[in-house]
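Here's the letter readout for the chains.
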Amino acid sequence: SDDGGSTAADRTIDLLRGLAPMALGGLALAGANGGSPESLLTGAEILALDLDGCELAVLAANDSAAGAMDAARSQASLQRALHAAGVRRSIAPIGNVSDFDSKELMEHFYGALFRGGLEPGRALAEAKRRMREANVPASAWAHWVLVETW
């Protein structure tokens, strides 16, 4: 039967999205550009880690190639996995952001965090303030959020 032109691969991906969202998102580690499967860490694999001593994880990469909804789901799954594994705080964008804007925001964030000695939430607020004062559009910095668990 004709299902609107979707392929078997498309249907499989749709099925996996419903069954295994933690397997769809991941972190590319050193060597990932070479295609090594050992260089990819999925959300499901993060769940198996003991990250109780990790105070902060920053997900600063943008996965715009997957599309806005898939990127958002992937990012949310990674954040859930990190917190379930024990990470206390995470910072990530909740929408698509450009690499250029991410780099600028992260420079301000890490400067406020390490040189300024601010707590992560205050450091993120300071980074956003600096972007705003530089007349950078809100679309470049407003998507970034800190999630904290106690």
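Starting from 1, residues in each chain are numbered consecutively following that chain's sequence as written. In view of the model being predicted, local features appear only for residues whose pLDDT reaches at least 70, and side-chain atom pairs are presented and counted only at 80 or more, with totals across whole chains, interfaces and linings using the full set of residues. Values reported for side chains reflect all heavy atoms of the structure, with hydrogen atoms and water molecules removed beforehand.

Observations regarding the side chain of Ser102
Part 1 of the reasoning: In this description a helix means any DSSP run of H or I spanning at least four residues, a strand means any run of E spanning at least two, and both kinds are numbered starting from the N terminus. One can find Ser102 in helix H5 (residues 99–115).
Part 2 of the reasoning: In protein, a polar contact requires one atom able to donate a hydrogen and another able to accept it; more generally it is a pair of N or O atoms within 3.5 Å, and residues adjacent in sequence count only if both atoms are side-chain atoms. Polar contacts involving the side chain of Ser102 include one to the main-chain carbonyl oxygen of Ser98, which spans 2.9 Å.
Part 3 of the reasoning: Contacts are assigned to residue pairs with any non-hydrogen atoms lying within 4.5 Å of each other. When near neighbours in sequence (up to four residues on either side) are disregarded, Ser102 contacts Ala60, Val97 and Trp144.

Section: the pattern of salt bridges
Part 1 of the reasoning: The working definition used for a salt bridge is a side-chain nitrogen of Lys or Arg within 4 Å of a carboxyl oxygen of Asp or Glu. Counting across every chain of the model gives 8 salt bridges.
Part 2 of the reasoning: Across the pair Glu55 and Arg88 runs a salt bridge, and its minimum N-O distance is 3.2 Å. In this pair, Glu55 is assigned in the loop between helix H3 (43–47) and strand S3 (56–58) and Arg88 in the loop between helix H4 (68–84) and strand S4 (89–93), connecting sequence segments 33 residues apart.
Part 3 of the reasoning: A salt bridge links Glu119 to Arg89; its shortest N-O distance comes to 3.3 Å. Here Glu119 is found in the loop between H5 and helix H6 (120–133), whereas its partner Arg89 is found in strand S4, with 30 residues between them in sequence.
Part 4 of the reasoning: Buried means the residue's accessible area, taken with a 1.4 Å probe over protein chains only, is under 20% of the maximum for its type, while exposed means over 50%, and partly exposed covers the values in between. Residue classification places Glu119 among the partly exposed positions, given a relative accessible area of 47%.
Part 5 of the reasoning: Given a relative accessible area of 9%, Arg89 falls into the buried group.
Part 6 of the reasoning: Each of the salt bridges in this network shares a partner with another, and the network as a whole consists of Glu55, Arg88, Arg89, Glu119 and Glu148.

Considerations on the nonpolar core
Part 1 of the reasoning: What we call a nonpolar core is a set of buried Ala, Val, Leu, Ile, Met, Phe, Trp, Tyr and Cys residues that are connected through their side-chain atoms within 4.5 Å. Of all hydrophobic cores here, the largest spans 15 residues; its most connected members are Leu105, Phe109, Leu124, Met131, Trp141 and Trp144.
Part 2 of the reasoning: At the level of elements, H5 and H6 are the ones that each hand at least two residues to this core.
Part 3 of the reasoning: Considering every element that reaches this core, the biggest residue donor is H5, with 5 residues.
Part 4 of the reasoning: The next biggest cluster of nonpolar side chains, apart from the first, holds 9 residues, and it includes Ala57, Leu78, Ala81 and Ala85.

Regarding the packing of aromatic side chains
Part 1 of the reasoning: Note on aromatic contacts: the rings of Phe and Tyr and the six-membered ring of Trp form a pair at centre separations within 6.5 Å, being stacked when their planes are under 30 degrees apart, edge-to-face when over 60 apart, and tilted otherwise. If you walk through the whole model with that rule in mind, you get 2 aromatic pairs.
Part 2 of the reasoning: Look at Phe109 and Tyr110: their rings are 5.0 Å apart centre to centre, the planes differ by 65 degrees, and that puts the pair in the edge-to-face class.
Part 3 of the reasoning: Each ring, one from Tyr110 and one from Phe114, has its centre 5.8 Å from the other, and the planes form 5 degrees; the classification is stacked. Remark: Phe114 and Tyr110 occur in helix H5; sequence separation between them is 4 residues, near one turn of the helix.
Part 4 of the reasoning: On the basis of relative accessible area, Phe114 is assigned to the exposed category, the value being 62%.
Part 5 of the reasoning: These aromatic residues form a ring-pair network of at least three members: Phe109, Tyr110 and Phe114.

Here's the deal with the confidence of the model for the protein
Part 1 of the reasoning: As a per-residue quantity, pLDDT reports the predictor's confidence and falls between 0 and 100. Of all residues in the protein, 73% attain a pLDDT of 70 or more, and the chain-wide mean is 80.
Part 2 of the reasoning: Across the protein, the element-wise mean pLDDT spans from 57 in helix H1 (residues 8–19) up to 97 in H6.
Part 3 of the reasoning: Throughout residues 64–69 the model reports pLDDT below 50, and contacts reaching past four residues in sequence, or to other chains, amount to 3 contacts.

Points about the environment of Gly43
Part 1 of the reasoning: Assignment of secondary structure puts Gly43 in helix H3.
Part 2 of the reasoning: Overall, Gly43 belongs to the buried group, its relative accessible area being 0%.
Part 3 of the reasoning: C-alpha of Gly43 to C-alpha of Gln79: the two residues are 36 residues apart in sequence and 8.5 Å apart in space.

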